[in-house]
Each structure stands twice: as C-alpha cells, then as structure tokens.
Amino acid sequence: MDIYEALKERRSVRKYTSDPVPDYKLNRLLEAGRLAPSWANKQCWSFIVIKDPEKKEKLASAMPKDNPARKAVGEVAPVVIVLCADPEASGKQDGKDYYLLDSGLAMQQLMLAANSEGLGTCWVAWFDEDTVRQALSVPSGYRVVALTPVGVPEKQPSPRPRKDLSEITYAEEWGRPFNG
Ligand SMILES: Cc1cc2nc3c(=O)[nH]c(=O)nc-3n(C[C@H](O)[C@H](O)[C@H](O)COP(=O)(O)O)c2cc1C
C-alpha cells in the first residue's frame, strides 16, 4: 500500500470482528514500531502484547466508562498492544520530554503498518496509569503512555474532520500565509 493511501485510510477503529490476528502479522507491526526514529536513537519504548481476556478486562477497567474505546479493549479486539516508555532513556530539553514523542512515533508506525495489513487500531491514552501498571507488572521507572486494540475492523469508520492546511501552515514566519 502506498504511504499516502495508508495515511488517508487509517482511522480510529472501535468495532472489530472476532477474527484472530496471526502472530506473523503482529511481528510485522512490532517491527514497524521498532524501526521508528528517536532522540539520540535511544529507543526508549517497550510494547506489551496482550491476548489474555482477563488482562484485557483489567485494561478496560482502567478506562473511564465514557471512554469510547473501552468495549473494544475489554471485550472485542483479539489483541491489545500497550506502549510503555522509559523517560530516563530518552532526552529532555527546554522542558520538553522527548519520551512521549519517541514512543508516539513508534506507536504511529505500528498503527500505519496495521492499516497496511488490513487491521484496525485506536490510540487510547485516557486510562488510569497505575491500574494498568499493576495489571501488567510494569516497572515503576516506566510510563504507560498509551495502548491500542488490534483486530480486523468490522467496518471502516468515516473520516473525522481535519483543519484546513491554511489554518495550520505558514510561509517563512508565523502568520504569513503559505500558498503552496
Ligand atoms: C494521544 C491520543 C489519545 C487518544 N485517546 C483516546 C482514547 O482514550 N479513547 C478513544 O476512543 N480515542 C482516543 N484517541 C483517538 C482520537 O479520538 C482520534 O484519533 C481522533 O478523533 C481522530 O480520529 P481518527 O483517528 O479516526 O482520524 C486518542 C488519540 C490520540 C492521538
């Protein structure tokens, strides 16, 4: 799949079929994450692959009832991947913690690869971190940054709106329109 096609087609998927996800596909997704760039190439991320229904339930219990991805994580998706990062293993400059950027890039690469494999994902960051940490025995120095369900989408959700390029792009300096 062409990169632009993958970017256009990726959606946050919250409804999945019961089809399993083969391990060879999971490996390809994780490999896509592994290849991400990072601060000083520190690769501060770790992934936890969850298939155990009890563990998935525990993850869902860490999510507020209003979280629209709760059911997908707890009951529907065959796999959930949890993204952890070690802030000490990444960089910090001018108050900017790069572990969030590093691990986010890895996760996004994983998600785009999932799309190319015909699989759906959904960023989930609205959860109680300590509940997830305890459920998965994540060491105290690590942050649990996000997680995603992984599975075959029941249907392709419609695209969510995005700001127009003119609202977010400037030429040469802040505020000068870019007319590319
Ligand atoms: C950092 C981050 C955290 C998110 N957390 C959640 C979440 O907890 N639950 C959820 O249902 N969606 C979550 N989302 C998904 C967004 O709602 C979604 O990406 C956005 O509405 C755009 O839709 P799209 O991904 O289909 O283009 C999150 C997205 C990001 C990038």
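Residue indices follow the written sequence of each chain, beginning from 1 at its first position. In keeping with the model being predicted, local features are shown solely for residues with a pLDDT of at least 70 and side-chain atom pairs are shown and tallied solely at 80 or more, while totals for entire chains, interfaces and linings include all residues.

(A) Quick look at the overall build of the protein. Working definition: helices are DSSP H or I runs of at least four residues, strands are E runs of at least two. Numbering for both runs from the N terminus. Of the regular secondary structure elements, the protein holds seven helices and six strands. Ordering the α and β elements of the protein from the N terminus gives α-α-β-α-α-β-β-β-α-β-α-β-α. In this setup the radius of gyration rests on C-alpha atoms only. A globule is expected at 2.2 Å times the number of residues raised to 0.38. Computed over the C-alpha atoms, the radius of gyration of the protein is 17 Å, within 12% of the 16 Å expected from 2.2 N^0.38 for a compact globule of 180 residues. In terms of overall dimensions, the protein has a C-alpha envelope of 55 × 40 × 35 Å along the principal axes. Once C-beta atoms are placed from the backbone, each residue is buried if 20 or more other C-beta atoms lie within 10 Å of its own, exposed if 12 or fewer, and partly exposed for counts between those two. Counting every position in the protein, which comprises 180 residues, the buried fraction comes to 33%. What counts as a contact here is a pair of residues whose C-beta atoms, placed from the backbone, lie within 7 Å. Taking the contacts inside the protein whose residues are at least 6 apart along the sequence as the reference set, 80% of them involve residues at least 24 apart.

(B) Main features of the packing of helix 2 (residues 23-34) against helix 5 (residues 98-116). Only the stretch in contact is used when fitting a helix axis, every axis being a line fitted to C-alpha atoms; angles between N-to-C directions are given from 0 to 180 degrees. The N-to-C vectors of helix 2 and helix 5 enclose an angle of 145 degrees; their axes lie 7 Å apart at closest approach. Crossing of helix 2 over helix 5 shows right-handed handedness. In this structure, helix 2 contributes R28, L29, L30, A32 and G33 to the contact, and helix 5 contributes A106, M107, Q109, L110, A113 and A114. Charged means Asp, Glu, Lys or Arg here, nonpolar means Ala, Val, Leu, Ile, Met, Phe, Trp, Tyr, Cys or Pro, and polar covers whatever is left, Gly included. Class assignment for the residues of the contact of helix 2 with helix 5 results in eight nonpolar, two polar and one charged. Note on convention: the crossing is left-handed when the near helix lies turned anticlockwise from the far helix by less than a right angle, right-handed when the turn is clockwise.

(C) How the structure looks around unusual backbone geometry. Residue A40 is not a glycine yet carries a positive backbone phi of 50 degrees. Position of A40 among the secondary structure elements: in the loop between helix 2 and strand 1 (45-50). The exposed category is assigned to A40, around which 11 C-beta atoms lie within 10 Å.

(D) Focus on helix 2. Each residue after the first adds 1.5 Å to the expected span of a helix. End to end, helix 2 covers 16 Å across twelve residues, agreeing with the expected 16 Å (1.5 Å per residue, within 8%). Burial in helix 2 covers these residues: L26, L29, A32 and G33. Projection of helix 2 onto a plane perpendicular to its axis shows the buried side chains occupying an angular sector of 120 degrees, all on one side. Across from the buried face of helix 2, at angles greater than 90 degrees, the exposed residues are D23, Y24, N27 and E31. Contacts from the buried residues of helix 2 go to strand 1, strand 2 (79-85) and helix 5. Directions from the helix axis toward the C-beta atoms define the arc.

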